[in-house]
Amino acid sequence: GAVVSQHPSWVICKSGTSVKIECRSLDFQATTMFWYRQFPKQSLMLMATSNEGSKATYEQGVEKDKFLINHASLTLSTLTVTSAHPEDSSFYICSAGRIAGSYEQYFGPGTRLTVT
Amino acid sequence: QQQVKQSPQSLIVQKGGISIINCAYENTAFDYFPWYQQFPGKGPALLIAIRPDVSEKKEGRFTISFNKSAKQFSLHIMDSQPGDSATYFCAASIETSGSRLTFGEGTQLTVNP
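Here is what the cut-offs are and how they apply
- Residues numbered from 1 in each chain as written.
- Chains lettered and ligands numbered in written order.
- Predicted model: local features only at pLDDT ≥ 70, side-chain atom pairs only at ≥ 80, totals over all residues.
- Heavy atoms only, no water.
- Helix = DSSP H or I, 4+ residues; strand = E, 2+ residues; numbered from the N terminus.
- Rg over C-alpha atoms; globule rule 2.2 N^0.38 Å.
- Buried < 20%, exposed > 50% of the residue type's maximum accessible area, 1.4 Å probe, protein only.
- Contact = heavy atoms within 4.5 Å.
- Areas by Shrake-Rupley, 256 points an atom, 1.4 Å probe, with all protein chains shown as cover.
- Lys, Arg positive; Asp, Glu negative; His and termini not counted.
- Charge placed at Lys NZ, Arg CZ, Asp CG, Glu CD.
- Pairing = 2+ DSSP bridges.
- Axes fitted to C-alpha atoms, helices over the stretch in contact; angles between N-to-C directions.
- Buried area = accessible area lost by both parts, 1.4 Å probe.
- Salt bridge = Lys/Arg side-chain N within 4 Å of Asp/Glu carboxyl O.
- Polar contact = N/O pair within 3.5 Å; in protein donor to acceptor, adjacent residues only side chain to side chain.
- Nonpolar A, V, L, I, M, F, W, Y, C, P; charged D, E, K, R; others polar.
- pLDDT = per-residue confidence, 0-100.

Trainee: What should I look at first to understand the overall build of chain B in this one?
Mentor: Looking only at helices and strands, chain B features zero helices and 11 strands. In terms of C-alpha radius of gyration, chain B reaches 13 Å, essentially the compact-globule figure of 13 Å for 113 residues. Along the longest, intermediate and shortest principal axes, the C-alpha atoms of chain B span 45 × 30 × 20 Å. Across the 113 residues of chain B, 46% fall into the buried class. Restricting the contact set of chain B to residue pairs at least 6 apart, pairs at least 24 apart contribute 54%. Accessible surface, chain B: about 5,400 Å² in total, of which carbon and sulfur atoms supply 49%. If the 10 positive side-chain charges of chain B are averaged to one point and the 9 negative ones to another, these points end up 3 Å apart.

Trainee: What exactly am I supposed to notice about the sheet that holds strand β1 (residues 4–7) of chain A here?
Mentor: Paired through backbone hydrogen bonds, the strands of a sheet run either parallel or antiparallel to each other. Residues and elements named next belong to chain A. Taken in spatial order, the four strands line up as β1-β3-β8-β7 in an open sheet, and their pairing is antiparallel. Every interior strand has two partners, whereas the edge strands, β1 and β7 (67–73), have only one. For this sheet, the mean angle separating the axes of adjacent strands, direction not counted, is 15°. Pairing between strand β3 (residues 19–25) and strand β8 (residues 76–81): six bridges, direction antiparallel. The residue bridging V19 from the neighbouring strand is V81, located in β8.

Trainee: Explanation requested: the interface of chain A and chain B in the structure shown.
Mentor: The figure often quoted for interface size is the accessible area lost as the parts come together. Tallying the contact residues gives 18 residues for chain A and 21 residues for chain B. For the pair chain A and chain B, the summed buried surface comes to about 1,600 Å²; carbon and sulfur atoms form 54% of the total. Between E59 of chain A and R100 of chain B there is a salt bridge, and its shortest N-O distance comes to 2.3 Å. Along the contact surface separating chain A from chain B lie five residue pairs in polar contact (both at pLDDT 80 or more). Those elements that provide at least two residues to the side of chain A that touches chain B are β4 (30–38), β5 (44–51), β9 (90–98) and β10 (105–107) of chain A. Per element, the largest residue contribution to the side of chain A that touches chain B is three residues, and it comes from β4 of chain A. Per-class residue counts for the side of chain A that touches chain B are nine nonpolar, six polar and three charged.

Trainee: Can you help me understand the environment of G16 of chain B in this one?
Mentor: Residues and elements named next belong to chain B. For G16, the location among the structural elements is in the loop between β2 (10–14) and β3 (19–25). C-alpha separation for the pair G16 and D79, spaced 63 residues apart in sequence, amounts to 4.0 Å. Setting aside residues up to four positions removed in sequence, G16 forms contacts with D79, S80 and Q81.

Trainee: I would appreciate a short explanation of the confidence of the model for chain A in the present structure.
Mentor: The predicted structure's coordinates, where accompanied by low pLDDT, should not be read in detail. When pLDDT is averaged along chain A, the result is 91, and 95% of the positions lie at 70 or above. Here β10 of chain A is the element of chain A with the lowest mean pLDDT, 90, and strand β11 (residues 111–115) of chain A is the one with the highest, 97.

Trainee: Just to check I follow, could you spell out the pattern of salt bridges for this structure?
Mentor: Pairing between side chains of opposite charge can happen when the charged atoms of each approach one another. Going through the model one piece at a time under the given rule, you end up with seven salt bridges over all chains. One salt bridge connects E22 of chain A with R24 of chain A, and the closest N-O pair in it is separated by 3.5 Å.

Trainee: Would you mind showing me how to read unusual backbone geometry here?
Mentor: Peptide bonds are, in most cases, trans, and in most cases residues other than glycine have a negative phi. Along the chain, H7 of chain A connects to P8 of chain A via a cis peptide bond; the corresponding omega equals 0°. Inspection of the secondary structure assignment puts P8 of chain A in the loop between β1 and β2 (10–13). Look at the link from S7 of chain B to P8 of chain B: it is a cis peptide, with omega at -5°. On the secondary structure map, P8 of chain B appears in the loop between β1 (4–7) and β2. Positive phi values are uncommon outside glycine, yet K41 of chain A reaches one of about 60°. One can find K41 of chain A in the loop between β4 and β5. Not every positive phi belongs to a glycine, and D79 of chain B is a case in point at roughly 45°. Within the secondary structure, D79 of chain B is located in the loop between β8 (72–77) and β9 (86–92).

Put into structure tokens, the structure is as follows:
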């Protein structure tokens, strides 16, 4: 149990275009989903926290107009990178917390974004 | 005060040996301490986690030791195998913050055959 999927697993896009990444909890409902960014050989950097039906909370320094997060249901959150630039190239990972107040977070497999 | 310091940055162990990774924290409000394993190009996977009310937790070859007074916790991997070669992250969170995780810097473990 506790499987989280991401789609796509990798994407290449041209500079200036927008890219949407989906995060789904497959076998549980998640009140909270988290979006992380990870550069090579570095730790995970939390970008934002999203709760179902409400606006996402962004970490300091993360542009909310550039990284649009929608958490429309208890099993789906999306991250849209708008007007992508090469510096947005990174590994994006989502995680989901169970609905029943458990501490555990379950991570998706990640999405590799390359902006050319 | 939200930081979690992890060491070493990299670790090389022989097959069958014990791998030990250490983490230290400052915020005494942290009440959940998980360890994650990450393979290249994959998302992190929860390995084992501990709460501050116990000093040790063991699951198979993985053991967390927790020292509340020293504000330190460590991961021990017994009988390390080449398949354990991965990056390991410690983390900490506070229940009232909605399980927001603060990660350590990561340790790249290599287990030689």
